[in-house]
Amino acid sequence: DTAVSQTPKYLVTQMGNDKSIKCEQNLGHDTMYWYKQDSKKFLKIMFSYNNKELIINETVPNRFSPKSPDKAHLNLHINSLELGDSAVYFCASSQEGRVAGGPSDTQYFGPGTRLTVL
Amino acid sequence: QQPVQSPQAVILREGEDAVINCSSSKALYSVHWYRQKHGEAPVFLMILLKGGEQKGHEKISASFNEKKQQSSLYLTASQLSYSGTYFCGTELSGNTPLVFGKGTRLSVIA
């Protein structure tokens, strides 16, 4: 059974289009994340949700909108896609985002979605 | 505040040892190490909290030097399966997000 799954695995689209990436985890975790990994392999956090509530929202264009219908799902919708959005997007989850002021919990990453904007 | 990893890349022969460093200009609260194999997702290796503790994972271990604000990942007797990009992630406190470094690409050849 896949712990953290993402669909689609590959996404090729034209500039200006709107697209969504879906993420599901079956680990019973409370916290989910979206990361962007660019061509230079820089892994940057975009959003984090804990029990469906947004807890981290890094400096990301508002064309990116996460949605968490329940704590097992965190989808990413991107409007008006631009060339610079091309990257691999990883979803991740952790048991708890953080234990009472402690360190971040271990994160389990999905397989990634390679987005190519033409 | 993104941590700085060094070296950027390293090539080893099987059986050789390597050290990957992760440094910060600010006081660190925790350091997390992940490995990402080519075309795959990052996988958690270990976490270190301030206090200078050392942890081990098979033949991969790490230390955290609180005074230097640096963590080092030690890979001993490297195996082909160790190849990949190693990321450190750092937190400045229990209330700040995990920020990853740019990664160190490790290639182990026969």
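Owing to the predicted nature of the structure, the values given are computational and were not obtained by experimental measurement. (Residues numbered from 1 in each chain as written. Chains lettered and ligands numbered in written order. Predicted model: local features only at pLDDT ≥ 70, side-chain atom pairs only at ≥ 80, totals over all residues. Heavy atoms only, no water.)

Draft legend 1. Structural context of the overall build of chain B. Helix and strand counts for chain B come out as zero helices and 11 strands. Reading the helices (α) and strands (β) of chain B from amino to carboxyl end gives β-β-β-β-β-β-β-β-β-β-β. Its C-alpha radius of gyration of 13 Å places chain B within 12% of the 13 Å reference for a compact globule of 110 residues. C-alpha extents for chain B along the principal axes are approximately 40 × 25 × 20 Å. Each of the 110 residues in chain B was classed as buried or not, and the buried ones make up 46%. Across chain B, the fraction of contacts at a sequence separation of at least 24, relative to all contacts at a separation of at least 6, is 54%. Counting only carbon and sulfur atoms, one obtains 49% of the accessible surface of chain B, whose full area is about 5,300 Å². Averaging the locations of the 11 positively and 8 negatively charged side chains of chain B gives two centres separated by 6 Å. (Helix = DSSP H or I, 4+ residues; strand = E, 2+ residues; numbered from the N terminus. Rg over C-alpha atoms; globule rule 2.2 N^0.38 Å. Buried < 20%, exposed > 50% of the residue type's maximum accessible area, 1.4 Å probe, protein only. Contact = heavy atoms within 4.5 Å. Areas by Shrake-Rupley, 256 points an atom, 1.4 Å probe, with all protein chains shown as cover. Lys, Arg positive; Asp, Glu negative; His and termini not counted. Charge placed at Lys NZ, Arg CZ, Asp CG, Glu CD.)

Draft legend 2. Spatial organisation of the overall build of chain A. A tally of helices and strands in chain A yields zero helices and 11 strands. The order of helices and strands in chain A, counted from the N terminus, is β-β-β-β-β-β-β-β-β-β-β. Taking 118 residues into account, the globule formula puts the C-alpha radius of gyration at 13 Å, and chain A, at 14 Å, falls close to it. When the backbone C-alpha atoms are referred to their principal axes, chain A occupies close to 45 × 30 × 30 Å. A sequence separation of at least 24 residues applies to 57% of the contacts in chain A between residues at least 6 apart. Counting 13 positive and 12 negative side-chain charges, chain A places the centres of these two groups 7 Å from one another.

Draft legend 3. View of the pairing of strand β5 (residues 43–50) of chain A. Residues and elements named next belong to chain A. Counting buried residues along β5, six of its eight residues qualify, which places the element largely inside the surrounding structure. Bridge count between strand β4 (residues 31–37) and β5: seven bridges; the pairing is antiparallel. Bridge assignment links Gln-37 to a residue of β5, and that residue is Leu-43. Count of turn residues in the β4/β5 antiparallel hairpin: five residues, of which Lys-41 carries a positive phi of about 75°. (Pairing = 2+ DSSP bridges.)

Draft legend 4. Region of the structure containing the side chain of A:Ser68. Residue and element names in this part refer to chain A. Relative to the assigned elements, Ser-68 resides in strand β7 (residues 64–70). Looking at Ser-68, its side chain comes within polar contact range of the main-chain oxygen of Asp-70, at 3.0 Å. A polar contact is formed between the side chain of Ser-68 and the backbone oxygen of His-73, at a distance of 2.9 Å. In this structure Ser-68 touches Tyr-49, Lys-52, His-73 and Leu-74, once residues within four positions along its chain are discounted. (Polar contact = N/O pair within 3.5 Å; in protein donor to acceptor, adjacent residues only side chain to side chain.)

Draft legend 5. Region of interest: the interface of chain A and chain B. Contacts between the two partners involve 20 residues from chain A, matched on the other side by 24 residues from chain B. Taken over both partners, the interface formed by chain A and chain B buries close to 1,600 Å², and the fraction arising from carbon and sulfur atoms is 59%. Applying the counting criterion to the chain A and chain B interface returns two residue pairs in polar contact (both at pLDDT 80 or more). Elements with a contribution of two residues or more to the side of chain A that touches chain B: β4 and β5 of chain A. (Buried area = accessible area lost by both parts, 1.4 Å probe.)

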